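Letter by letter, the chains look like this.
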Amino acid sequence: MNIMSEAAVEKALEQKMSDAHFKMVGKDVSVYYGEKRALFDVNLNVRKNTVTALIGPSGCGKSTFLRTLNRMNDTIEGCRVTGSITLDNADVYDQSVDVVELRARVGMVFQKPNPFPKSIYENIAYGPRIHGLARSKADFDEVVENSLQKAGLFNEVKDRLHEPGTGLSGGQQQRLCIARAIAVGPEVILMDEPCSALDPIATAKVEELIHELRTNFTIVIVTHSMQQAARVSQRTAMFHLGNLVEENDTDKMFTNPDDQRTQDYIMGRFG
Amino acid sequence: MSSAAVTETMRNAGVNWHSDEMKARRKARYAADRRLQIYGMIAIAFALGFLAILVGSLTFTGYKAFTQTVATVEIDLSQAKVDPANIGEADWRGIVRNALRAQLPDLSRSDERKFFEMFTSSGQFLVRDAVVADPGRLKGVSSFTIPMADPVDQLAKGEIRRDVPESQRRVNDTQIGLYDQLVQKGIISTPFNWGLFFNADSRFPELAGLAGAISGSFWSLLVCFAISFPIGIAAAIYLEEFAPKNRLTDLIEVNINNLAAVPSVVFGLLGLAVFLGWLGLPRSAPLVGGFVLALMTLPTLIIVTRVSLKSVPSSIREAALGIGASKHEAIFHHILPLAMPTVMTGSIISLARALGETAPLLLIGMNAFITSPPDGVFAASTALPTQIYIWADSPERGFVSRTSAAILVLLAFLVLMNGIAIFLRQRFERRW
Ligand SMILES: Nc1ncnc2c1ncn2[C@@H]1O[C@H](COP(=O)(O)OP(=O)(O)OP(=O)(O)O)[C@@H](O)[C@H]1O
Ligand SMILES: [Mg+2]
């Protein structure tokens, strides 16, 4: 009885603060791939300047949810999204929304590093160029340097900015991709298993980077590594079979989760 | 685990890798590998062998067409009555005959007629054109080369044998005698036959060349490329990147694949009906040839382009879309440039195929007898393969070797184009 009311109070408080704290809000989000339903009425809020980790066994819909946030699912034939997702209280699936703008504001980093087969400089300058964020050579130089600095890559590549980005190591490529996403000045950065193709040292670097980026960006990261989720995130959401099982403070999630399934998954009992 | 221990485990599992049975089994598997290799090598040897036979026999019959027997005759034009203001009007026939007469004077009237027959009948025009090109020659003595008529050319090349009875050869005994006298005087030579490349078609083999056919093919291919390249790429981009996947696009896809397999003669018939029949475009024109070849090339080009677009990894597309590139930016800034080397390779190979295509061009009349190279896409013309077809059909002896030579020229162009395609592929193509 007592516990229930406590939870209710917490919920009310949360609701009150939502406008200020929530960067993106997903309400009753369901996703269908053709006939197949991949997400079931997911309600998940993404807090501002927070790293939110999405965890769960393979095929549970983490990537699917992540890709609804910047409408990358639009590119998949036969994919349908219902429910609502808002970015700063504006529905991203609204008719009037410009996907190009949305994706500039909600950037994405993919599982496999995917730099363009162009120079490091071009990789980063491309986004600002198509969005018209920089005009003069000096502007571009500044954006490129800034983004590389923020991605912690500048010192490693400053002498070879005009060499192909594909010539970097895997970890450097992934940080280049992060720099590329940063360059267009997004508010949210989505990362889908950004470290799964990297060795432990490169992974550590990217994690450190994510930690720093939190001050300026809101980050949502999908990961299969519990340690990683525990290290980099403040909030964690657990998915299972297309349902959101639990969303909680990371600390609580890994010490004392509310849901039995979360407990089991974290303990490695399934997945 | 030591290897002894491994063997031990296997023995426990009941496997004895060293038993005769196992050895024999492995031996049989290796033998199968080797057999497969040998079959492959035999197949390649066959293919190369046939290619060698083809090129070998063409070269054997064709190489003689790359030289032409000519007589070099000195003509003193200062004595001739030529009006410098009106060079074309002069009696060039008389001038040339006098010059030839001077080589072997004292011939009887009937021998003289046989003598003149030994030279190309168009000698007068060649001399006239040479003088028009360089009027300075009117001032004095200069030498002109006059091709020998086909039978004499064949005699010089040993194609007409002297031991054949006179009634069965096209050069009579008198002419052989005269020919030997000319050889003795040292005015006969067999230089490289530039005329094969710079002359247009002619009824006389000694004058016939491929200039008309080569430029006809060039114009046709230009038209073909100008039409099929942009349309093919646009269609492929639409189908691959924009078209919804539904019944209609499936149907279109199946039909494009079918069109790629339609025999080219059908496209020729279509061209005949539509371009010549309905639109009333000129017959034999490279423009129409290009249209028809474009129809034939398009399906292949669309397929090649789609495959190459598809082969660009989706991660690149996602990368571009992920930072807010619009669809067309993702395509034109990233996907198409990466697909372009393959598209170029594919187009060049399709064009090479179009270059060798004969049937559709025959149907739209590009096998006409045309004695000057086309000056554009509207002028009547032949193309290389149709020229080969025409020559192969000609009874004159000289056309036998010229047909082979023309095929060699066509093959050279094909090899060149495929070489460029391979070069592009090696140089620019990305492997993922
Ligand atoms: N393009 C697609 N077409 C059809 N079904 C899809 C597609 N993408 C994903 N799915 C299905 O949707 C469900 C959720 O997939 P999703 O990729 O979101 O899982 P995930 O949690 O990211 O898994 P993983 O951890 O393996 O990446 C899966 O059952 C998957 O088979
Ligand atoms: Mg995934």
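Note that this is a predicted model, so its numbers are computed, not measured.

Enquirer: Any details on the overall build of chain B? Residues and values, ideally.
Expert: Along chain B, the regular secondary structure elements total 17 helices and 3 strands. Here the C-alpha atoms of chain B give a radius of gyration of 32 Å, more than 25% beyond the 22 Å that 2.2 N^0.38 yields for 432 residues. If one aligns the C-alpha atoms of chain B with their principal axes, the spans along those axes are about 110 × 65 × 40 Å. A buried classification covers 43% of the 432 residues belonging to chain B. Considering only residue pairs separated by 6 or more positions, chain B has 75% of its internal contacts joining residues 24 or more positions apart. Distance between charge centres in chain B, computed from 40 positive and 35 negative side chains, equals 8 Å.

Enquirer: Tell me about the nonpolar core, and please be specific about residues and values.
Expert: Among the nonpolar cores identified, the biggest contains 48 residues, and A:M24, A:L54, A:F65, A:L190 and A:F239 are the most heavily contacted of them. No other element matches the 7 residues that helix α14 (residues 327-355) of chain B contributes to this core. Those residues in contact with A:F239, other than ones at most four positions away along the chain, are A:L39, A:V42, A:L44, A:L54, A:I55, A:G56, A:P57, A:C60, A:K62, A:F65, A:L244 and A:V245. By size, the runner-up hydrophobic cluster in this structure holds 45 residues, among which are A:F154, A:V157, A:L161 and A:L213.

Enquirer: Explain the interface of chain A and chain B to me, using residue names and the numbers behind them.
Expert: Taken together, the 23 residues of chain A in the interface contact 19 residues of chain B. Both sides of the chain A and chain B interface together cover about 1700 Å² of buried area, and 62% of this is carbon and sulfur. Three residues, A:F116, A:P117 and A:Y126, lead the burial of chain A against chain B; their summed loss comes to 30% of the area buried on that side. Linking chain A to chain B there are 1 salt bridge. A:R67 is paired through a salt bridge with B:E318; the nearest N and O atoms lie 3.1 Å apart. Linking chain A with chain B are 7 residue pairs in polar contact (both at pLDDT 80 or more). Among the secondary structure elements, those contributing two or more residues to the side of chain A that touches chain B are α3 (99-105), β6 (106-109), α4 (120-131) and α7 (170-183) of chain A. A per-class count over the side of chain A that touches chain B returns 13 nonpolar, 5 polar and 5 charged.

Enquirer: How would you sum up the site of ligand 1? Please name residues and give values.
Expert: Residue and element names in this part refer to chain A. Surrounding ligand 1, one finds 13 residues, the nearest of these being S58, K62, S63, T64 and H224. Taking G61, its main chain carries an N or O atom lying 3.0 Å from an oxygen atom of ligand 1. Coverage of ligand 1 by the protein amounts to 64% of the 630 Å² it exposes when considered alone. The element contributing the most residues to the shell around ligand 1 is helix α2 (residues 62-69), with 3 residues. Looking at the shell around ligand 1 residue by residue, the classes come out as 4 nonpolar, 6 polar and 3 charged.

Enquirer: Tell me about the packing of aromatic side chains, residues and numbers included.
Expert: Applying the stated rule across the entire model yields 14 aromatic pairs over all chains. With a centroid separation of 6.3 Å and 10° between ring planes, the pair formed by B:F192 and B:F197 is classed as stacked. Assessed through its relative accessible area of 38%, B:F192 is described here as partly exposed. Connected via pairs of aromatic rings, a cluster forms that spans B:F66, B:F192, B:W194, B:F197 and B:F198. Taking the ring centre of A:F140 as reference, the NZ or CZ of A:R129 above it sits at 5.1 Å. Cation over ring: A:R180 sits above A:F116, and NZ or CZ is 4.6 Å from the ring centre.

Enquirer: Can you lay out the domain arrangement of chain B for me, pointing to particular residues and giving the numbers?
Expert: Residue and element names in this part refer to chain B. Split by domain assignment, chain B resolves into domain 1 (3-64), domain 2 (67-192) and domain 3 (211-428). If you average the C-alpha positions of domain 2 and of domain 3, the two centres end up 45 Å apart. With 5 residues of domain 2 in contact, the opposing surface of domain 3 contributes 4 residues. Overall, the association of domain 2 and domain 3 removes approximately 400 Å² of surface from exposure, summing both partners, and the carbon and sulfur fraction of that is 33%. Taken together, the links from domain 2 to domain 3 amount to 1 salt bridge. One salt bridge connects E159 with R397, and the closest N-O pair in it is separated by 3.4 Å. For the pair domain 2 and domain 3, the interface holds 3 residue pairs in polar contact (both at pLDDT 80 or more). In terms of residue class, the side of domain 2 that touches domain 3 is made up of no nonpolar, 2 polar and 3 charged.

Enquirer: Any details on the packing of helix α16 (residues 384-392) of chain B against helix α17 (residues 397-428) of chain B? Residues and values, ideally.
Expert: All names here are of chain B. It is at 9 Å that the axes of α16 and α17 come closest, and there the two elements cross at 165°. When the axis of α16 is compared with that of α17, the two are roughly antiparallel. Considering only the axes of α16 and α17, their crossing is left-handed. Within the contact between the two elements, α16 uses L384, I388, W391 and A392 and α17 uses F399, R402, T403, A406, I407, L410 and F413. For the contact of α16 with α17, the per-class residue count stands at 9 nonpolar, 1 polar and 1 charged.

Enquirer: An account of the pairing of strand β1 (residues 22-33) of chain A is needed here, citing residue identities and associated values.
Expert: Regular strands place side chains that alternate from one sheet face to the opposite one. Residues and elements named next belong to chain A. Extensive coverage of β1 is indicated by the burial of 9 of its 12 residues. In the sheet, β1 pairs with strand β2 (residues 36-47) via 8 bridges, with the strands oriented antiparallel. Note on β2: the bridge partner recorded for G26 is L44. Between β1 and β2, which follow one another and run antiparallel, lie 2 residues, and G34 among them has a positive phi close to 65°.

Enquirer: I'd like a description of the pattern of salt bridges, backed by residues and values.
Expert: Residues and elements named next belong to chain A. Taken as a whole and assessed by the stated rule, the structure comprises 30 salt bridges over all chains. Between E187 and K23 there is a salt bridge whose closest N-O contact spans 2.8 Å. Placement of the pair is E187 in the loop between α7 and β7 (188-192) and K23 in strand β1, with a sequence separation of 164 residues. For the salt bridge of K252 with D258, the shortest nitrogen-to-oxygen distance reads 2.8 Å. One salt-bridge network, in which partners are shared between bridges, spans K23, D88, E101, R105 and E187.

Enquirer: Explain the sheet that holds strand β9 (residues 235-240) of chain A residue by residue, including any values.
Expert: All names here are of chain A. Reading across from one edge, β6-β7-β8-β3-β9-β10 is the order of the 6 strands in this open sheet, with mixed pairing throughout. Each edge of the open sheet is held by one strand with a lone partner, namely β6 and β10 (243-249). On average, adjacent strands in this sheet sit at an angle of 20° to one another, irrespective of strand direction. Here β6 pairs with β7 via 4 bridges, running parallel.

Enquirer: Describe unusual backbone geometry, with residues and values.
Expert: In this structure, A:D41 takes a positive phi of about 40° despite not being glycine. In this fold, A:D41 is placed in strand β2. On the basis of relative accessible area, A:D41 is assigned to the partly exposed category, the value being 45%. Its identity is not glycine, yet B:S284 carries a phi of approximately 60°, on the positive side. Summarising the element assignment, B:S284 is placed in the loop between α11 (264-278) and α12 (286-311).

Enquirer: Which residues make up the sheet that holds β1(A), and what values go with them?
Expert: Residue and element names in this part refer to chain A. Taken in spatial order, the 4 strands line up as β2-β1-β4-β5 in an open sheet, and their pairing is antiparallel. Because the sheet does not close on itself, it has two edges, and the strands there are β2 and β5 (90-91). Across 8 bridges, β1 lies against strand β4 (residues 79-87) in antiparallel orientation. Residue pairing in the sheet places Y33 in a bridge with C79 of β4.

Parameters and conventions
- Residues numbered from 1 in each chain as written.
- Chains lettered and ligands numbered in written order.
- Predicted model: local features only at pLDDT ≥ 70, side-chain atom pairs only at ≥ 80, totals over all residues.
- Heavy atoms only, no water.
- Helix = DSSP H or I, 4+ residues; strand = E, 2+ residues; numbered from the N terminus.
- Rg over C-alpha atoms; globule rule 2.2 N^0.38 Å.
- Buried < 20%, exposed > 50% of the residue type's maximum accessible area, 1.4 Å probe, protein only.
- Contact = heavy atoms within 4.5 Å.
- Lys, Arg positive; Asp, Glu negative; His and termini not counted.
- Charge placed at Lys NZ, Arg CZ, Asp CG, Glu CD.
- Core = buried A, V, L, I, M, F, W, Y, C linked by side-chain atoms within 4.5 Å.
- Buried area = accessible area lost by both parts, 1.4 Å probe.
- Salt bridge = Lys/Arg side-chain N within 4 Å of Asp/Glu carboxyl O.
- Polar contact = N/O pair within 3.5 Å; in protein donor to acceptor, adjacent residues only side chain to side chain.
- Nonpolar A, V, L, I, M, F, W, Y, C, P; charged D, E, K, R; others polar.
- Near = heavy atom within 4 Å.
- Areas by Shrake-Rupley, 256 points an atom, 1.4 Å probe, with all protein chains shown as cover.
- Phe/Tyr/Trp six-rings, centres within 6.5 Å; stacked < 30°, edge-to-face > 60°.
- Lys NZ or Arg CZ within 6 Å of the ring centre and 35° of its normal.
- Domains from an automatic or database assignment.
- Axes fitted to C-alpha atoms, helices over the stretch in contact; angles between N-to-C directions.
- Parallel < 35°, antiparallel > 145°, perpendicular 65-115°, else oblique.
- Left-handed = near helix turned anticlockwise from the far one by under 90°.
- Pairing = 2+ DSSP bridges.

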